[in-house]
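# Descriptive structure summary
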Amino acid sequence: GNGRERGGDREGMGWREEIEREWDGEEEIEGKGGEEQEEGEDEELPYDVEEQLASGDDTLDLCFRKLRRLPRRVCGCRHLEKLYASNNRLRGLPEGFSELERLRVLALDFNKMFDVPPPVCRLENITRLYLGSNRLTTLPPEFSNLLNLRCLWMENNFFRRFPRQLLDLPVLKSLQLGDNRLRSLPGCLARMASLRGLWLYGNRFEELPQVLLRMELLEILDVDRNKISSFPNLTRLAGLKLFSYDHNPSKAVPKARDSVMLVGEGAEELRQARAEAAEAVAAAKAEKEALEAEALEAAARGARGYRGRGTAIHSILKNGGLSTGQLEGSEGGGGGGGGGGGEFEMSLILRKRRRRRRERRLEGQKSSFIPFCSRSLSLSLSLSLSLSLLACSITLLFSKTPLPIHSQSVHPLSLSLSLSLPGQIYCQGLNSVNLKKKKNMLIFLFHF
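Only a predicted model underlies this, so the values are computations on that prediction, with no experimental measurement involved.

Cut-offs and rules
Residues numbered from 1 in each chain as written. Predicted model: local features only at pLDDT ≥ 70, side-chain atom pairs only at ≥ 80, totals over all residues. Heavy atoms only, no water. Helix = DSSP H or I, 4+ residues; strand = E, 2+ residues; numbered from the N terminus. Buried < 20%, exposed > 50% of the residue type's maximum accessible area, 1.4 Å probe, protein only. Areas by Shrake-Rupley, 256 points an atom, 1.4 Å probe, with all protein chains shown as cover. UniProt positions renumbered as here; feature names shortened; annotations may be inferred. Salt bridge = Lys/Arg side-chain N within 4 Å of Asp/Glu carboxyl O. Pairing = 2+ DSSP bridges. Axes fitted to C-alpha atoms, helices over the stretch in contact; angles between N-to-C directions. Patch = residues over 30% accessible without salt bridge, like charges linked within 9 Å, V, L, I, M, F, W, Y side chains within 5 Å. Lys, Arg positive; Asp, Glu negative; His and termini not counted. Charge placed at Lys NZ, Arg CZ, Asp CG, Glu CD. Core = buried A, V, L, I, M, F, W, Y, C linked by side-chain atoms within 4.5 Å. Contact = heavy atoms within 4.5 Å. pLDDT = per-residue confidence, 0-100. Polar contact = N/O pair within 3.5 Å; in protein donor to acceptor, adjacent residues only side chain to side chain. Phe/Tyr/Trp six-rings, centres within 6.5 Å; stacked < 30°, edge-to-face > 60°.

On to the overall build of the protein chain. Secondary structure summary: the protein chain contains eleven helices and ten strands in total. Among the 448 residues that make up the protein chain, the fraction classed as buried is 37%. For the protein chain, the computed accessible surface area is about 26,600 Å², with 53% contributed by carbon and sulfur atoms.

Shown next as structure tokens:
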């Protein structure tokens, strides 16, 4: 109790003494033979463990063996890559343990270790280390030598401060510090850029540490069973996928991105609301796609109608660079990209038809140009003849000299009349009548 009040190292020593007294009392029930056995040679190992050691396998399982110390024979198995020694009574490891240079996975959880054994800090190739459910309060400075460590589980220990040795581990991705006694996190925690999963459940946080809001690459954050009364806006954590906040005084659901899975009070209702909204959006999208499919099917039916006239559409598509299979795909109205192809083919057909109409109009204009010129020439000659007849009639009406038809000196006004037989007959008849009859004939000619 006095050690806890003074703080610092004395505080850690006070907790250690309290834990030792508690756990040593449990060991006394097992009898006094344990200490004598611990001071002697290695314990006799079960037959299946002997088989594992002799097999040369790279994995050794020593869990639930009630071992008080690790057999020295294990240190000679330098081929080991995975060693599981959980749920024993280990307090340390032999010095020769550091010779297991190929070891990558080491499980020492559920033992009775007050400190991390020094040989562990010399295993530079280790990637996964399980130290949960021990009596740890601090980490040795040499712990920062584990530069390849990716996964570290130290839950259910007695850490009251965040171990700063962890800040120097460059590739640490998963850190389990649940069920400890942490109240705050250092601001330099943001230096751990590789960290993706952080478990802080069962601690003593009264508010969410602000440094966590700067760790945008975090994917899993667990703060269950703390004393947090309100949560800040978590939308800035772009990489967050799971946020667990259950069993906290806060009643409001934390605000996070829609892609984040929330675990806690009110999260299920929010998840249902999001699911309903997503279903509504999906239904609207499906309805829109159905309408588009109907429109494409109508266009395909129109294309099939055009096909009934023969192979004209297929020849048009062939000239346009499209195949018959593409037209049939568009008529079916299914498959990826079929709708877009059908619309393109229909637009191509319409363009071909309009171009044909223009070509027919141009051909019609060319073919009707010569008859038009002939008709124009005929009308011009007829109009010229009529005007000539009218001019000659007016001249003869007011002239008393006969118009010589067959004489060598031809009157200028009679030139056009002499060009045709009807003109000559008319002039001869007009010369043989008197003035009154000339007027009547002139009126007749005018009406004609």
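Attention shifts here to the UniProt feature "coiled-coil region" (unreviewed entry) in the protein chain. As annotated by UniProt and renumbered to match this structure, "coiled-coil region" (unreviewed entry) occupies residues 267-301. The span residues 267-301 carries 100% helix and 0% strand; its end-to-end C-alpha distance comes to 50 Å.

So, on to the pattern of salt bridges. Inspection of the entire model under this criterion finds eleven salt bridges. Here Glu 99 ties to Arg 78 by a salt bridge, and the two come within 3.0 Å at their closest N and O atoms. Here the residue Glu 99 occupies a position in the loop between strand 2 (82-84) and strand 3 (105-107), and Arg 78 occupies one in the loop between strand 1 (59-61) and strand 2, the gap between them amounting to 21 residues. Its relative accessible area of 37% is what places Glu 99 among the partly exposed residues. Where salt bridges share partners, they join Glu 81, Arg 102 and Arg 104 into one cluster.

With that out of the way, let us pick up the sheet that holds strand 2. Pairing is parallel across the open sheet formed by ten strands, whose spatial order is 1-2-3-4-5-6-7-8-9-10. Either end of the sheet is taken by a strand with one partner, and the two such strands are strand 1 and strand 10 (261-263). Strand-to-strand, the axes of this sheet are offset by a mean angle of 5°, without reference to chain direction. Pairing analysis gives three bridges linking strand 5 (residues 151-153) to strand 6 (residues 174-176), with the strands arranged parallel. Counterpart to Leu 152 in the pairing with strand 6 is Leu 175.

Let us look at a positive patch on the surface. Side chains of Arg 351, Arg 354, Arg 355, Arg 356, Arg 357, Arg 358, Arg 360 and Arg 361 sit close together on the surface and give a patch of like positive charge. Its place among the elements puts Arg 355 in helix 8 (residues 338-367). Take Arg 355: its relative accessible area is 38%, and that puts it in the partly exposed class.

Moving on: unusual backbone geometry. For Phe 64, which is not a glycine, the phi torsion comes out positive at approximately 60°. Looking at where Phe 64 falls in the secondary structure, it is placed in the loop between strand 1 and strand 2. On the basis of relative accessibility, which here comes to 62%, the residue Phe 64 falls in the exposed class. Although it is not a glycine, Asn 87 adopts a positive phi angle of roughly 55°.

What follows concerns the nonpolar core. Counting residues in hydrophobic clusters, the biggest one holds 70 residues, and the most contacted among them are Phe 143 and Leu 212. Look past the residues within four positions of Phe 143 in its chain and what remains in contact with it is Val 116, Cys 121, Leu 129, Leu 131, Leu 149, Leu 152, Gln 165, Leu 166 and Leu 169.

With that settled, consider the confidence of the model for the protein chain. With 64% of its residues at a pLDDT of at least 70, the protein chain reaches an overall mean of 77. Low confidence marks residues 28-41, where pLDDT is under 50. Its contacts with residues over four positions away, or in another chain, come to ten contacts. Under a pLDDT of 50 for its full length, residues 403-422 has, in the predicted model, 20 contacts with residues more than four places off or in other chains.

Turning next to the environment of Asn 226. On the secondary structure map, Asn 226 appears in the loop between strand 8 (220-222) and strand 9 (242-244). The buried category is assigned to Asn 226, whose relative accessible area is 6%. Along the chain, Asn 226 and Asn 248 lie 22 residues apart, while their C-alpha atoms are 5.6 Å from each other. Beyond its immediate stretch of four places on either side in the chain, Asn 226 contacts Leu 200, Tyr 201, Gly 202, Asn 203, Arg 204, Phe 205, His 247, Asn 248 and Pro 249. Polar contacts involving the side chain of Asn 226 include one to the main-chain amide nitrogen of Arg 204, which spans 3.3 Å.

Residue position: Ser 98 is located in the loop between strand 2 and strand 3. Since its relative accessible area comes to 18%, Ser 98 is described here as buried. Among the polar contacts made by the side chain of Ser 98, one reaches the main-chain carbonyl oxygen of Glu 95 at a distance of 3.3 Å. Those residues in contact with Ser 98 that sit more than four places away from it in its chain are Pro 119, Arg 122 and Leu 123.

It is worth spelling out the packing of aromatic side chains at this point. Per the counting criterion, the structure on display carries five aromatic pairs. Judged by centre distance (5.8 Å) and plane angle (70°), the rings of Phe 231 and Tyr 245 are edge-to-face. Note that Phe 231 is positioned in the loop between strand 8 and strand 9 and Tyr 245 in the loop between strand 9 and strand 10, a separation of 14 residues in sequence. Assessed through its relative accessible area of 15%, Phe 231 is described here as buried.

By the secondary structure assignment, Thr 127 is in the loop between strand 3 and strand 4 (128-130). Not counting the four nearest positions on each side in its chain, Thr 127 is found in contact with Arg 104, Asn 148, Leu 149, Arg 150 and Cys 151.

Glancing now at the environment of Ala 190. Checked against the element boundaries, Ala 190 lands in the loop between strand 6 and strand 7 (197-199). Separated by 22 residues in sequence, Ala 190 and Leu 212 place their C-alpha atoms 7.5 Å apart. Residues contacting Ala 190, with those up to four places away along its chain left out, are Val 211, Arg 214 and Met 215.

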